[in-house]
Amino acid sequence: MRSVEEALEAVLAVARPTGTERLPLDRCRGRVLAEHRLTVAVDVPPFANSSMDGFAVRAADTPGELRLAGEVAAGAGLLTDVAPGTTVRIMTGAPMPPGADAVAPLEIVDERDGAVRVPAVESGASVRAQGHDTRAGDPVALPEAPLGANAIAVLASLGIGQVEVRRPPRVAILSTGDELRAPGEPLEPGQIHDANGVALAAAVEEAGGEATPPVRAPDDPVQIEAVVRSAAARADLLVASGGVSVGRHDHVRDVIERLGSLDFWRIRMQPGKPLAFGSVNGVPVMGLPGNPVSALVTFELFARPLIRRMLGLPGSGRVTLPAVACERMGKDPDRRAYLRVRLSRGPQGLEARPAGGQQSSQLRPLALADALLIVPEGEPAAEAGRTYDALLLGQTA
Ligand code: AMP
Ligand code: MG
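These numbers were taken from a predicted model, which means no experiment stands behind them.

Draft legend 1. Here's a closer look at the pairing of strand β25 (residues 336-346). Pairing of strand β20 (residues 269-270) with β25 involves two bridges; the strand directions are parallel. When the bridges of β25 are listed, Gln270 appears paired with Ala337. Relative to strand β27 (residues 371-375), β25 is paired through five bridges, and the arrangement is antiparallel. Note on β27: the bridge partner recorded for Arg340 is Leu372.

Draft legend 2. How the structure looks around the site of ligand 1. In the neighbourhood of ligand 1, 13 residues make up the surrounding shell, with Glu179, Asp194, Ala195, Gly243 and Asn291 lying closest. Asp194 places a polar side-chain atom, nitrogen or oxygen, 2.8 Å from a nitrogen atom of ligand 1. Within the contact set of ligand 1, a nitrogen atom lies 3.0 Å away from a backbone nitrogen or oxygen of Ala195. Look at ligand 1: alone it shows 480 Å² of surface, and the protein chains cover 74% of it. Partitioning the shell around ligand 1 into residue classes produces four nonpolar, seven polar and two charged.

Draft legend 3. Structural view of the nonpolar core. In this structure, Met286, Phe299 and Phe302 are the most contacted members of the largest nonpolar core, which totals 40 residues. Of all the secondary-structure elements, those providing two or more residues to this core are α1 (4-12), β13 (170-176), α3 (195-206), β18 (237-241), β21 (274-280), β22 (283-288), α6 (292-310) and β27. Those residues in contact with Phe299 that lie beyond four places of it in its chain are Leu200, Ala203, Val204, Val239, Leu288, Arg304, Pro305 and Ile307. One finds Val228, Ala240, Val244 and Val255 within the second-largest nonpolar core, a separate group that totals 20 residues.

Draft legend 4. View of the pattern of salt bridges. All chains considered together, the criterion is met by 20 salt bridges. When the shortest N-O distance is used, the salt bridge between Glu5 and Arg336 registers 2.9 Å. One end of the pair, Glu5, is in helix α1; the other, Arg336, is in strand β25, with 331 residues separating them in the sequence. Taking relative accessible area as the criterion, Arg336 reaches 13% and is therefore assigned buried. For Arg89, the salt bridge goes to Glu71, with nearest N and O atoms at 3.9 Å. Of this pair, Arg89 sits in strand β6 (residues 86-90) while Glu71 sits in strand β5 (residues 64-72), and the two are 18 residues apart along the sequence. Each member of the salt-bridge network shares a partner with another, and the members are Glu5, Arg336 and Glu377.

Cut-offs used in this document
Residues numbered from 1 in each chain as written. Chains lettered and ligands numbered in written order. Predicted model: local features only at pLDDT ≥ 70, side-chain atom pairs only at ≥ 80, totals over all residues. Heavy atoms only, no water. Pairing = 2+ DSSP bridges. Helix = DSSP H or I, 4+ residues; strand = E, 2+ residues; numbered from the N terminus. Near = heavy atom within 4 Å. Polar contact = N/O pair within 3.5 Å; in protein donor to acceptor, adjacent residues only side chain to side chain. Areas by Shrake-Rupley, 256 points an atom, 1.4 Å probe, with all protein chains shown as cover. Nonpolar A, V, L, I, M, F, W, Y, C, P; charged D, E, K, R; others polar. Core = buried A, V, L, I, M, F, W, Y, C linked by side-chain atoms within 4.5 Å. Buried < 20%, exposed > 50% of the residue type's maximum accessible area, 1.4 Å probe, protein only. Contact = heavy atoms within 4.5 Å. Salt bridge = Lys/Arg side-chain N within 4 Å of Asp/Glu carboxyl O.

Without other data, these values stay purely geometric and don't point to any function.
Here's what the structure looks like:
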């Protein structure tokens, strides 16, 4: 049996970054910059400006009564000088007029008949200096994460209208099993709905990839082969579920071995022991266990980091925090468990309680879980009162 770390290392070793394309900022949400460090050509802000509505003054003139000499609004190009003994009404974001070195906010002045009484203000007060956020020539490091509103705001403020982003890895998804029917279809005896196809497609998108419509194949080597061949011709990664164990109808492994190469691993983890990993025509192929809880947890641990690596992103993008188990939760002593837990704040700090039953056939507790509580190999249970790492499942990327 392999450890999770050994398996992950082998998976990541095959990742190749996808190509790039240039996109306008309004199409970049969720996309990943090809380069996270930029050199900026402009000062931000490009000119000194007022951070308040008020009066632009010479600090040396304050306290004092000043003559109102004009007005400057945001966007103004022509500016009235602030000569000694005068002041200019100014709006937030308006350029500082020549001569002025401070702004007295509206709230502290007394304005009457063209005369403005201003208490003492310090030089630089309520002024945003040119380049105080970013200086031209400075390297700007943006977060190594899919672009969200905050990073897009920074790019726009730097004067950047288009950026080079990675093409999302195209991920083909295959569910195998004679028993599977599409969600919503009526079931005959012995059949179940294919939960993995749509679930793994969603997980691909959450990881930053582009899922092709999920495909189902019965436990038939000929049909599985057809899907694997077509995925290898078009996708950057194939994620299959079901049919990778050692049952008589588990054909996915044989097919991949015949078309390319394949490793089959038993991973010291619970849920989700078997994992097949190989390639066909240079396209990585991952065979996940069929059980939906196992499929989603193995996807989380191995496919998500692989997709991110193809995007040039580090790790899983998930946050791990220490959490205290509030009750004993049993597990297989030989394997590392990823228990489905809910988190809350309590007297012990972050507290973890089971989100429901922990059998890998119990899918709803996974949907209710805030985190996977990681309980190491060699321990028979998560013990009440002990602290473990909790891998937060929220969308962090
Ligand atoms: P397998 O890995 O093919 O042996 O499947 C293990 C278990 O997962 C069996 O109970 C299957 O019926 C179930 N299973 C396999 N694929 C899916 C799927 N796509 N959706 C829901 N359950 C599945
Ligand atoms: Mg099966």
